[in-house]
Amino acid sequence: MADTTHRQTLSFLKRRFSEVGLNLVKRHGQNFLIDLNLLHLLIETADLQPNDVVLEIGTGTGSLTVQMAPRVAAVVTVEIDRRLHQLASEELIDADNVTMLLQDALRNKNNFDEAVLDAARQRLDEQPGRQLKLVANLPYSIATPVISNLLLTGITPVSMTVTIQKELADRIVARPGTKDYGALSIWVQSQCRAEIVRLLPPEAFWPRPLITSAIVHLQVLPEKRARIGDLRYFHDFVRSMFFHRRKFLRSVVISALKDKLDKGQIDEVLAEQGFAANTRAEQLSVEAMIALCDAVRQAALP
């Protein structure tokens, strides 16, 4: 199964889609990466190894899948569109280390579907020492929940290498005090080394999107994750700190914890953390947010 067996160019896609009478579904965010050099860059950035299990969200025509499969132990690839799933099945018919799932990868916006996690877990358990990597040309419509939620599952990836919209990439790598810095920035950076590898122009895709995209590489660092006492609690806490972005931190914390701590207790925690009265959540570094979350969690314990 060499790379030359399947080259996802514009002419290839138009011919194949015409052959099967396939029209794209806009709500699925289907934009195919047709620049083969950038497809190669995505794969090389992922640094695929023989003991890797790759999770791919958005099989498409199988162009990325067919190039990754020979390099890794297994690929679990998920496609929501039945017609694309069938097309990819024909391309991947000889790839016995590929598990193809026809479904939505997400049960809802906050959770992966268990069937996806179970399939990945099964492949990981087949041999000792296997590790999970997310490698995908992510559909724009689900890019944020896929990246965010995968860090909350029981099968933590060692890395995530994905194409996403530039706007989302900017939010992921944003620094405190900037307009793009928010809950997603803190959540990802609290656990990962995040890098924008390359910006991708609209013409790198078909159909051509209206926006610029980016290849992003996220390396999950166990030592960073170990600083967080309760991942689920931290995830929910950080989101709540940005529900009312322009409010002062004190007001936001009071609102988020009104059933667990009174104002006096919250003022005490904020004073201990050294926050001024006019501090806003967007000014807090990742480390400061982790420290605040831990302090609040400890204060709220019965």
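A few points on the structure. Computed from a prediction, not measured in an experiment: that's the story for all the values here.

1. Regarding helix α5 (residues 114-125)
Right, on to step 1. Over its 12 residues, α5 runs 16 Å from end to end, which matches the ideal 16 Å to within 8%, given 1.5 Å per residue.
Right, on to step 2. Along α5, the residues classified as buried are Val116, Leu117, Ala119, Ala120, Arg123 and Leu124. The arc that holds the buried residues of α5, viewed along the axis, is 160°, so those residues lie on one side. Those residues of α5 that are exposed and angled more than 90 degrees off the buried face are Gln122 and Asp125.
Right, on to step 3. If you follow the buried residues of α5, they end up packed against β2 (52-57), β3 (74-79), β4 (98-102), β6 (111-112) and β7 (131-137).

2. Overview of the pairing of strand β11 (residues 213-220)
Right, on to step 1. Across the 8 residues that make up β11, a large majority, 7, are buried.
Right, on to step 2. Summarising the sheet, strand β8 (residues 159-165) and β11 pair through 7 bridges and their orientation is antiparallel. Paired with Thr161 across the two strands is His217, which belongs to β11.
Right, on to step 3. As defined by bridge partners, strand β9 (residues 192-200) adjoins β11 across 8 bridges and the pair is classed as antiparallel. In the strand pairing of β11, Glu195 is matched with His217.

3. Remarks on the packing of helix α10 (residues 231-241) against helix α13 (residues 286-299)
Right, on to step 1. In contact at an axis separation of 10 Å, α10 and α13 are set at 110° when each is read in the N-to-C sense. It follows from the interaxial angle that α10 and α13 lie roughly perpendicular. Between α10 and α13, the contacting residues are Tyr233, Phe234, Phe237, Val238 and Met241 on the first element and Met289, Ile290, Leu292, Cys293, Val296 and Arg297 on the second.
Right, on to step 2. A per-class count over the contact of α10 with α13 returns 10 nonpolar, no polar and 1 charged.

4. Here's the deal with the pattern of salt bridges
A pair can form between side chains of opposite charge whenever their charged atoms are brought close.
Right, on to step 1. Counted by the stated rule, this structure contains 13 salt bridges.
Right, on to step 2. A salt bridge links Arg250 to Asp267; the nearest nitrogen and oxygen atoms lie 2.5 Å apart. With Arg250 in helix α11 (residues 249-256) and Asp267 in helix α12 (residues 263-272), this residue pair connects regions lying 17 residues apart in the sequence.
Right, on to step 3. Residue Asp267 is classed as partly exposed on the basis of its relative accessible area of 31%.

5. Describing the side chain of Asn31
Right, on to step 1. Of note, Asn31 is situated in the loop between α1 (10-20) and β1 (32-33).
Right, on to step 2. For Asn31, a relative accessible area of 17% gives the class buried.
Right, on to step 3. One polar contact links the side chain of Asn31 to the main-chain carbonyl oxygen of Pro207, over a distance of 2.7 Å.
Right, on to step 4. Residues contacting Asn31, with those up to four places away along its chain left out, are Asn137, Tyr140, Phe205, Trp206, Pro207, Arg208 and Pro209.

6. Section: unusual backbone geometry
Right, on to step 1. A cis amide bond links Trp206 with the next residue in sequence, Pro207, at an omega value of -10°.
Right, on to step 2. Within the element layout of this structure, Pro207 appears in the loop between β10 (205-206) and β11.
Right, on to step 3. With phi around 50°, Asp47 is a residue other than glycine that occupies positive phi space.
Right, on to step 4. Tracing the sequence through the fold places Asp47 in the loop between α2 (36-46) and β2.
Right, on to step 5. Judged by relative accessible area, Asp47 falls into the partly exposed class, the value being 46%.

Parameters at a glance
- Residues numbered from 1 in each chain as written.
- Predicted model: local features only at pLDDT ≥ 70, side-chain atom pairs only at ≥ 80, totals over all residues.
- Heavy atoms only, no water.
- Helix = DSSP H or I, 4+ residues; strand = E, 2+ residues; numbered from the N terminus.
- Expected span 1.5 Å × (residues − 1).
- Buried < 20%, exposed > 50% of the residue type's maximum accessible area, 1.4 Å probe, protein only.
- Arc of directions from axis to C-beta.
- Contact = heavy atoms within 4.5 Å.
- Pairing = 2+ DSSP bridges.
- Axes fitted to C-alpha atoms, helices over the stretch in contact; angles between N-to-C directions.
- Parallel < 35°, antiparallel > 145°, perpendicular 65-115°, else oblique.
- Nonpolar A, V, L, I, M, F, W, Y, C, P; charged D, E, K, R; others polar.
- Salt bridge = Lys/Arg side-chain N within 4 Å of Asp/Glu carboxyl O.
- Polar contact = N/O pair within 3.5 Å; in protein donor to acceptor, adjacent residues only side chain to side chain.

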